[in-house]
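Observations on chain architecture
Here's the letter readout for the chains.
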Amino acid sequence: MGKVNQTMELLPISVVGLGGWGKNVVRSFSQTRRAKLCVLCDENEEVIARQAVLYPYAATTTQYSEILAESNIHAVALVTPSPSHFNLAVQALNAGKHVFVEKPLSLTVGDAKELVALAEKKQRVVMVGHLLEYHPAVNLLKSLIQTGELGDIHYIYSHRLNLGVVRLEENALWSLAPHDISVVLYLLGKEPTHVTAVGQSYLNPGVEDVVFLNLRFGEEHMAQIHVSWLDPHKERKVVIVGSKRMAVFDDMHPSEKVRIFDKSANVKIGTANYVESITVRHGEIRSLIVPNQEPLLSETQHFVDCVLDGKTPRSDAHDGLRVVKILDAATRSLHQNGMPVEIL
Ligand SMILES: NC(=O)c1ccc[n+]([C@@H]2O[C@H](COP(=O)([O-])OP(=O)(O)OC[C@H]3O[C@@H](n4cnc5c(N)ncnc54)[C@H](O)[C@@H]3O)[C@@H](O)[C@H]2O)c1
């Protein structure tokens, strides 16, 4: 993408949707370098009133159409419920705005493809809120993989568990797993060949509270993602098992978020029996220093920098599409009792 805003020093932006997550996004854009928070938008006046007192310099509106019509606003951040992402993003792109949109990019593969195409046609940045791709611990894991510290990657698993928040419309897969899927794709740098998923609805018929999603990357790698809002633990964990070492990212740990386990198992060729052929190695456990950066601020900063410097975001519309393709395939597998579904 070319340098679309070479002469602009500050990016005038409006945040649309100021609810549970939107208030965090507003706060983050208000602290983002080179961003100018201009308008707060929510269709609920009470919600606006709560945020307006914190940002008295920003205008407010309940009408999204007013933002679209305002040529001085160059970017919108859409933090509205997921069913609205596609329509609001299409309208913003057609009005010439750059778009930050919360995860998931859309609810269908077709809509996500349309957003990829429209962003390219309009030469505008579309960035999806795959927050964990901006987490310093995830970036540390990525560099451990890239430098070969862990050896060949065998498999990854990820847990995102808690008691609540129970959603009534989208299931645990669509609500929670976009983060874990984006992390697995980011870490492995490739897309799965097929997925399987099983899950169960205990609280609301048709809305799965717990889902186990498996991703196969050909014969090479595999990943499992366990998401649930019906679990005794609050757990946010990613485990990577490599041929040389293993790494654990535990986001709930107050001080030791990333640890490397110098452990592995090796197979000796040509030994007389199975027991002799396997050696396991138990080395030291090291805790790594994770840079003290707030993921949300890194994410909003990345969006503003990409728009102003004409760069492509890490979590661009293509990344959003890859995640939606997996969510869609996993949904089909869920509805067919865990049948493998190919990712096309
Ligand atoms: N990145 C993360 O970690 C994270 C965490 C939570 C939620 N989210 C995402 O953020 C989005 C919002 O989730 P939430 O929990 O804040 O929802 P919410 O229901 O608490 O808030 C949504 C707000 O959007 C407003 N809204 C809806 N349609 C609108 C429209 N057309 N114009 C203006 N305002 C409109 C509603 O009035 C409401 O205040 C979802 O896409 C969700 O997936 C991301």
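These notes cover the structure that comes with them.

In this section: the pattern of salt bridges. Tallying each qualifying case throughout the model produces 13 salt bridges. Of the charged contacts in the structure, one is a salt bridge between D309 and R34, with a shortest N-O distance of 2.9 Å. Of this pair, D309 sits in helix 9 (residues 295-309) while R34 sits in the loop between helix 1 (22-31) and strand 2 (35-41); the two residues are 275 residues apart in sequence, bridging distant segments of the chain. Overall, the relative accessible area of 23% leaves D309 in the partly exposed class. Of the charged contacts in the structure, one is a salt bridge between D262 and R245, with a shortest N-O distance of 3.1 Å. With D262 in strand 13 (residues 258-267) and R245 in the loop between strand 11 (230-242) and strand 12 (246-250), this residue pair connects regions lying 17 residues apart in the sequence. Judged by relative accessible area, D262 falls into the buried class, the value being 17%. One network of salt bridges, with partners in common, ties together R34, D305 and D309.

Considering all chains together, one arrives at 0 disulfides under this definition. As a non-bridged cysteine, C41 has C38 as the owner of its nearest cysteine sulfur, 13 Å distant. The exposure class of C41 is buried, given its relative accessible area of 2%.

The rules behind the values
In this numbering scheme, every chain counts its residues from 1 along its sequence in written order. Thresholds applied to this predicted model are a pLDDT of at least 70 for local features of residues and 80 or more for the giving and counting of side-chain atom pairs; totals over whole chains, interfaces and linings are not thresholded and use all residues. Values reported for side chains reflect all heavy atoms of the structure, with hydrogen atoms and water molecules removed beforehand. Any Lys or Arg side-chain nitrogen located within 4 Å of an Asp or Glu carboxyl oxygen qualifies as a salt bridge. Only DSSP runs of H or I reaching four residues or more are called helices, and only runs of E reaching two or more are called strands; each is numbered from the N terminus. For every residue, the accessible area (1.4 Å probe, protein chains only) is compared with the maximum for its type, and the residue is labelled buried under 20%, exposed over 50%, or partly exposed between those bounds. Our working definition of a disulfide is a cysteine sulfur pair at a distance within 2.5 Å.

By themselves these figures say nothing about function.
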